[in-house]
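# Coordinates in review
Here is how the chains run, residue by residue.
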Amino acid sequence: MSDNRVFWENEEALLAEREYQATWPGGQKAVDSLASKNKRPVRDLIEDMIDPDTTFFELSKLAGFGMGYPGVDDVPCAAIVTGLGKIHGNWTMIVGHDSRVKAGTYFPITLKKHMRAQAIADQCGINSVYIGDSGGVFLPMQADVFPDDQHFGTIFYNMARMSAKGLKQITMSTGGNTAGGAYIVFMACQSIMIDQQSFSFLAGPPLVKMATGETISAEDLGGAAVHTQVSGGADHLCYDQAEAVARVRDILSLEKPQTINLHRYQEQEPAIPLDSIYDYMPIFPHQGIDARQILECMADGSVFQEYKKDYAQGRGDNIITGKIRIKGFPVGVLCSNRVGIIFHEAAKKATEWIVRCSQEKIPLLFIQNAPGFMVGSDSEHAGIGKYGANLVRAVSCAQVPKIQLVIGPDNGAANYGMCGRAYRPHFLFITMRARTSVMSGKSAGGVLLSIEETKRKGSGKPMTQEEKDAFQEKMIAKYDGEAHPFFCASRLLNDGVLKFSEIRDWLGMALEVSLLKEIGEPSFGNFRF
């Protein structure tokens with residue numbers, strides 16, 4: 001067994017441990033507590049909701065750790081489960097509160113995760129199902145979760161806008177939905193409530209008592225019977241969770257079957273096994289990779305049809321371009337090669353390839369392993385700025401589905417040119433080798449040390465060598481820590497951390513879901529030549 005394989009399997013064991021912490025909050029005691037209320041964990045409900053023998057692709061499992069909110073450092077899985085599954089053969093976005101985590105309360109990271117799920121559903125044109133059981137907003141942070149755009153109200157704005165586009169919004173309430181949270185029931189196209197278990201009201205009994213003097217129970221104020229038989233705020237009354245799940249499936253059973261807007265070939269397994277990546281991937285993120293080797297492990301039949309293979313070798317092929325098939329889908333790929341530094345020749349080639357794929361209306365896969373664009377006078381005079389800007393423009397304007405997979409350094413403007421989060425890829429996945437930050441820890445330590453030295457010298461208190469070493473070590477630790485997959489995933493800078501062995505399945509799902517919407521015509525702005 002290679003040293004590389006041993007290292008990455010150990011890293012992925014750490015990933016599995018973090019995922020366990022995210023998906024098993026409170027342990028068996030929390031599950032038993034739910035059972036005492038005739039409830040089941042939200043993931044169990046989702047497994048029953050999706051088609052038998054299909055996969056639920058759960059997004060952003062690691063969100064919420066180490067957030068440091070007032071009195072709450074960790075919010076496992078951001079207190080909400082989001083992901084994609086098939087219901088009667090149609091891909092559906094499922095969003096479910098996990099009441100085991102602070103009663104499903106909305107923290108800032110919960111909002112971000114909920115709205116990221118809605119953004120994917122909207123961008124890909126798919127229906128959404130919400131499993132509602134939330135304590136509402138985290139009141140100590142009301143200024144950070146309530147009044148602004150992208151705060152709590154935006155969830156319901158998004159529901160309204162997607163519904164207007166014909167994208168079904170279905171809510172299954174399995175618990176309390178209070179104040180603004182009540183709108184997850186009332187804004188739905190159809191909503192389901194469970195007798196003696198679901199409650200929805202603009203103000204709960206304590207606030208009603210304080211505001212009006214009325215004494216009333218939660219059931220009489222806004223229980224399932226009230227809203228399905230009296231107010232009309234909900235549509236379907238069920239008597240347990242199993243019946244409610246079946247009703248969701250029934251509601252969506254007559255939806256138009258989805259179609260994929262691209263030709264698809266017969267799927268082939270790679271001729272070089274996917275798990276060979278464990279041997280090929282260098283341990284240190286800033287070691288160079290053989291991109292062609294990596295692509296052969298991912299591609300159907302290990303076939304890579306390369307574009308401009310011989311152009312400016314040693315510089316132009318720091319990004320390799322061409323076509324592969326993944327799960328039968330043809331994909332235009334841009335993959336960092338060797339150490340991945342982007343020279344102006346690579347930027348020009350990549351821009352040209354994006355335009356060509358956009359004209360052909362085939363999706364783009366960006367495999368990122370780049371520490372940045374090449375700097376220095378030679379590069380500036382050769383036009384790295386303008387050619388880099390052309391690449392950014394092409395990425396921004398490409399109308400085809402875009403997916404990013406980060407397998408190494410992801411620094412500076414290379415993050416932009418290779419379709420980072422700001423460029424709204426349909427999906428963005430990373431691996432345990434990914435390192436996303438403005439620059440590496442080593443570079444940041446050197447730059448910031450130089451600034452600190454100048455400042456201290458100007459104040460008449462020059463730094464000792466010990467102070468310099470300590471300062472640089474501190475900066476390296478800070479930047480490298482913030483670039484780590486766990487840090488980035490906890491802050492929802494990606495849609496999930498993948499094991500190398502999972503890459504093909506997740507990319508296949510992402511391509512299929514991204515291609516459910518018809519691809520429009522290409523349109524690019526003003527390039528500089």
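So, a few notes on the structure that sits alongside this text. Everything numeric in this text was worked out from a predicted model, so none of it was measured.

### Quick notes on the layout of surface pockets
Within this model, the largest pocket holds a volume of roughly 800 Å³. Along its surface, the largest pocket is lined by 22 residues, and Met-115, Arg-116, Ala-119, Gln-150 and Arg-424 are the ones closest to its centre. Elements with a contribution of two residues or more to the lining of the largest pocket: α4 (108-124) and α6 (152-164). If you tally residues by element for the lining of the largest pocket, the top one is α4, at seven residues. Residues belonging to the lining of the largest pocket are distributed by class as follows: eight nonpolar, six polar and eight charged. Size it by volume and the second largest pocket reaches roughly 310 Å³. Taken together, 15 residues line the second largest pocket, and the ones lying closest to its centre are Gly-125, Lys-256, Pro-257, Gln-258 and Leu-516.

### So, empty space enclosed by the protein
Scanning the entire structure with this criterion turns up two cavities of 30 Å³ or more. Its boundaries defined by the atoms lining it, the largest cavity holds a volume of some 80 Å³. What lines the largest cavity is a set of 13 residues, and nearest its centre among them are Arg-40, Val-42, His-97, Ser-99 and Thr-174. Those elements giving two or more residues to the lining of the largest cavity turn out to be α3 (42-49) and β4 (127-134). Its residues assigned to classes, the lining of the largest cavity comprises five nonpolar, four polar and four charged.

### Some details on the pattern of salt bridges
Under the defined criterion, the tally for this structure stands at 31 salt bridges. Notably, a salt bridge pairs Glu-512 with Lys-86, separated by 3.3 Å at the nearest N-O pair. Taken together, the residues span a long stretch of sequence, with Glu-512 in helix α21 (residues 503-514) and Lys-86 in strand β2 (residues 80-87) at a distance of 426 residues. We classify Glu-512 as buried; its relative accessible area is 12%. Among the salt bridges present, the one from Glu-452 reaches Lys-455, with a minimum N-O distance of 3.4 Å. One end of the pair is Glu-452 and the other is Lys-455, both in helix α18 (residues 441-458) and three residues apart, which spans about a single turn. Exposure remark for Lys-455: the relative accessible area of 56% places this residue in the exposed category.

### Re the packing of aromatic side chains
Inspection of the entire model under this criterion finds 17 aromatic pairs. Measuring from centroid to centroid gives 5.1 Å for Phe-57 and Trp-506, while their planes differ by 90 degrees, and the two rings are edge-to-face. Placement of Phe-57 in strand β1 (residues 57-59) and of Trp-506 in helix α21 is noted, with a sequence separation of 449 residues between them. Looking at Trp-506, the relative accessible area reads 12%, which means it is buried. By the ring-pair criterion, three or more aromatic residues cluster together here, those being Phe-57, Trp-91, Phe-427, Phe-429 and Trp-506. In this structure, Lys-348 is placed above the aromatic ring of Tyr-387, and the distance from its NZ or CZ to the ring centre is 4.8 Å. The lysine or arginine in question, Arg-491, covers the ring of Phe-487, its NZ or CZ lying 3.7 Å from the ring centre.

### Looking at the pairing of strand β10 (residues 319-326)
In terms of residue burial, β10 counts as a mostly covered element, since six of its eight residues are buried. Judged from the three bridges that link them, strand β9 (residues 305-307) and β10 form a sheet pairing that is antiparallel. Note that in β10 the partner of Tyr-307 across the bridge is Thr-321. Pairing geometry for β10 and strand β11 (residues 329-336), over eight bridges, is antiparallel. The residue of β11 that forms the bridge with Ile-324 is Val-331.

### Considering the packing of α4 against α6
With their axes 10 Å apart at the nearest point, α4 and α6 run at an angle of 15 degrees to one another. In terms of orientation, α4 and α6 fall into the roughly parallel class. Once α4 is placed against α6, the crossing between them reads as left-handed. Facing Leu-111, His-114, Met-115, Gln-118, Ala-121 and Asp-122 of α4, the residues of α6 in contact are Phe-152, Thr-154, Ile-155, Asn-158, Met-159 and Met-162. The residue inventory of the contact of α4 with α6, partitioned by class, reads seven nonpolar, four polar and one charged.

Cut-offs and rules
Residues numbered from 1 in each chain as written. Predicted model: local features only at pLDDT ≥ 70, side-chain atom pairs only at ≥ 80, totals over all residues. Heavy atoms only, no water. 1 Å grid on protein atoms, 1.4 Å probe; cavity = no way out; pocket = protein on both sides within 12 Å on 5 of 7 lines; lining within 4 Å. Points joined across faces, edges and corners; volume = space filled by probe spheres on them. Helix = DSSP H or I, 4+ residues; strand = E, 2+ residues; numbered from the N terminus. Nonpolar A, V, L, I, M, F, W, Y, C, P; charged D, E, K, R; others polar. Salt bridge = Lys/Arg side-chain N within 4 Å of Asp/Glu carboxyl O. Buried < 20%, exposed > 50% of the residue type's maximum accessible area, 1.4 Å probe, protein only. Phe/Tyr/Trp six-rings, centres within 6.5 Å; stacked < 30°, edge-to-face > 60°. Lys NZ or Arg CZ within 6 Å of the ring centre and 35° of its normal. Pairing = 2+ DSSP bridges. Axes fitted to C-alpha atoms, helices over the stretch in contact; angles between N-to-C directions. Parallel < 35°, antiparallel > 145°, perpendicular 65-115°, else oblique. Left-handed = near helix turned anticlockwise from the far one by under 90°. Contact = heavy atoms within 4.5 Å.

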